[in-house]
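# Per-entry structural report
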Amino acid sequence: MNNFGEGKTVCTFCGEEISIDAKRCPYCGSIFSRERSLNTDDVKTERFYNDDSMTQNSNSNHSKGLIDNSINADMSAKDFINEEKFNEEMNGLFDNIPDTSVGGKSGLFDANTYNPVEEKINAQPKAEEFIGSSTEIPQERISMQKPVMNNNIRPQRPPVRSTPDVRSYEKPSLSNAMKVFLTSLSNFIPGLGQLIGVIMAIVFMNSEGDTDKRSFGLALLVNSIIVFVLWSISCCVFGMIISGR
Amino acid sequence: MDIILRIYFFIGSLVCHQIPERTVYIGAMPLPFCARDTGIYLGIFIALIYCICRGRLKADKVPSTPIGILLVLFTVPMMIDAVTSYASIRQTNNIIRLITGIFFGMPIVIFLIPTANYKVYGSNKLKVIDSYIDLLLVAFINILITFAILKLGIPNWWIVSTACLVGLVFIITRLGYTVIKLLNIGNPKRRSIYSLLITAITFGVLYVLKYYVLEWII
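Bear in mind the structure is a predicted one, so any value in this text is a computation, not a measurement. (Residues numbered from 1 in each chain as written. Chains lettered and ligands numbered in written order. Predicted model: local features only at pLDDT ≥ 70, side-chain atom pairs only at ≥ 80, totals over all residues.)

With that settled, consider the overall build of chain B. Along chain B, the regular secondary structure elements total seven helices and two strands. Written out in order from the N terminus, the α and β elements of chain B read α-β-β-α-α-α-α-α-α. Out of the 218 residues in chain B, the part that is buried amounts to 39%. Sequence-distant contacts in chain B: of pairs separated by 6 or more residues, those separated by 24 or more amount to 73%. (Helix = DSSP H or I, 4+ residues; strand = E, 2+ residues; numbered from the N terminus. Buried ≥ 20, exposed ≤ 12 C-beta atoms within 10 Å, placed from the backbone. Contact = placed C-beta atoms within 7 Å.)

Written as structure tokens, this is what we have:
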């Protein structure tokens, strides 16, 4: 997108004037949020350039656009799932756009026909060809290529996904219903509820590698202790009222 | 000395009914807290001193599940004693109140100290209670001190009262500190000041509750 006065810009897809904060063009429906976040994605994904051929190409700013075609994926599982949602949305939007991408594939967002190995092999000659050409990249072309980069993330997800954080995200070990039940139990039953809450919290906090349980256990323990103190104060006040002091 | 004595009794009055019949006497002087509250705050103080002496004030690992359950069970006698005596099901006395109170206060510290330092996304190394021997040791110290207060009269009034007061202030401050740390509020270097501020506010609220709200209700 190009800056166009204060708070306004131009949609690179349809050319209409839109707000600079807009995430989606109100005229053509193009999504800009991902395009903006690509700058940060580039920084993050540089850590995962394990392929030597890729690092060699990264010397040139112009070739960067082509290298990004075989960019590695973001590490976060959450981002990966968001990415999939985004790709699905973009597939729906761009299915009918004629091919202007470098790969010359039948569709811009056709992940099924995309071959990451082939793309990596072709990346360097394409980059050299691109550097050799003295012409500027049309803004429209850059904008149309970036969704392709996003699409390419999918097959290159890092294979090592077994950290505790990711496991707990992918499959929460405690259901929300159980959490609500235990919290309610520890809050509304004086004495016994807090004791059960503390025991469950200790059990959860001792479960190694399960961050969901550990996190909830910590919250439950603090909650149980605070509620215990509040119930004790209430009982004390009640006792004072009864005894008339 | 008289002013300090008044301060002690004033703070005691904020959290305790101070009924003379339910208060332990050392010499001719009643303690600023009732027998049950004396036990609770003394238990907190003993556990705190134990953690300081063993270098467990920065412990980040909660006790193991069996020890945790045992600690929770330590609190049950006081609850049963309080409920049954208030419900006039049975009679209790100051010795039972004090002993059950001490065993009620001790686990609170053991649970609360590692809570503030606990790391969800990392490994926690330093246990606040290592084994059953540690637990038995703390329990034995508790029983010993109870016996010393009730039967031998060894510690004087000032030591016991100050220990109870320290226990009370510590538990409120530590609870405030834990909440501040978990919610990640404010500058991390000033958390101690914030928690002391919370303690002062708590005492202010208790004062209003005791001398205005409760007086109005009664």
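Of the residues lining the interface, 25 residues belong to chain B; the matching set on chain A comes to 25 residues. Element by element, the count of residues in the side of chain B that touches chain A is highest for helix H3 (residues 65-86) of chain B, at seven residues.

Right, let's get into the confidence of the model for chain A. Residues and elements named next belong to chain A. Taken as a whole, chain A shows an average pLDDT of 63; of its residues, 39% reach a score of 70 or greater. Here residues 1-5 scores under 50 on pLDDT; set against residues more than four positions off or in separate chains, the count is twelve contacts. Under a pLDDT of 50 for its full length, residues 96-113 has, in the predicted model, 34 contacts with residues more than four places off or in other chains. (pLDDT = per-residue confidence, 0-100.)

Let's shift gears to unusual backbone geometry. All names here are of chain B. Backbone geometry at Gln 18 places phi at a positive 60°, although glycine is not the residue there. Structurally, Gln 18 is set in the loop between helix H1 (2-15) and strand S1 (25-26). For Gln 18, a count of 18 C-beta atoms within 10 Å translates into the label partly exposed.

Before going further, it helps to spend a moment on helix H9 (residues 192-205) of chain A. Residues that lie three or four places apart on an α-helix share one face, since the helix turns once every 3.6 residues. With 14 residues, H9 of chain A extends 20 Å from end C-alpha to end C-alpha; this agrees with the ideal 20 Å at 1.5 Å per step. Along H9 of chain A, the residues classified as buried are Gly 193, Gln 194, Gly 197, Val 198, Met 200, Ala 201, Ile 202, Phe 204 and Met 205 of chain A. (Expected span 1.5 Å × (residues − 1).)

What follows deals with the packing of helix H2 (residues 35-53) of chain B against helix H4 (residues 94-117) of chain B. All names here are of chain B. In the contact formed by H2 and H4, the axes pass within 6 Å of each other and the chain directions differ by 40°. Taken together, the axes of H2 and H4 are oblique relative to one another. Like other packed secondary-structure pairs, H2 and H4 cross with a definite hand, here right-handed. (Axes fitted to C-alpha atoms, helices over the stretch in contact; angles between N-to-C directions. Parallel < 35°, antiparallel > 145°, perpendicular 65-115°, else oblique. Left-handed = near helix turned anticlockwise from the far one by under 90°.)

Pairs of packed helices are described in terms of their axes, by the angle between the two and the distance that separates them. Residues and elements named next belong to chain B. Here H2 crosses helix H6 (residues 157-183) at 75°, and the two axes come no closer than 7 Å. With respect to their mutual orientation, H2 and H6 come out roughly perpendicular. Every residue of H6 that contacts H2 at Thr 38, Tyr 41, Leu 42, Ile 44, Phe 45 and Leu 48 is listed here: Ala 163, Cys 164, Val 166, Gly 167, Leu 168, Phe 170 and Ile 171. The residue makeup of the contact of H2 with H6, split by class, is eleven nonpolar, two polar and no charged. (Nonpolar A, V, L, I, M, F, W, Y, C, P; charged D, E, K, R; others polar.)

Okay, the environment of Ile 46 of chain B next. By the secondary structure assignment, Ile 46 of chain B is in helix H2. Along the chain, Ile 46 of chain B and Ala 163 of chain B lie 117 residues apart, while their C-alpha atoms are 8.4 Å from each other.

Take the nonpolar core next. If you look at the biggest cluster of nonpolar residues, it comprises 63 residues, and the most contacted ones within it are Leu 221 of chain A together with Ile 44, Ala 47, Met 106, Val 109, Ile 110 and Cys 164 of chain B. In terms of residue count, the dominant contributor to this core is H4 of chain B (twelve residues). (Core = buried A, V, L, I, M, F, W, Y, C linked by C-beta atoms within 7 Å.)

Between its first and last C-alpha atoms H3 of chain B spans 32 Å; for 22 residues at 1.5 Å apiece the expected length is 32 Å, and the two agree. Residues Ile 67, Gly 68, Leu 71, Phe 74, Thr 75, Met 78, Asp 81 and Ala 82 of chain B constitute the buried set of H3 of chain B. Residues of H3 of chain B that are buried make contact with H9 of chain A together with H2, H4 and helix H5 (132-152) of chain B. Downstream of H3 of chain B by a residue or two, Ser 88 of chain B has a phi angle that is positive, lying close to 60°.

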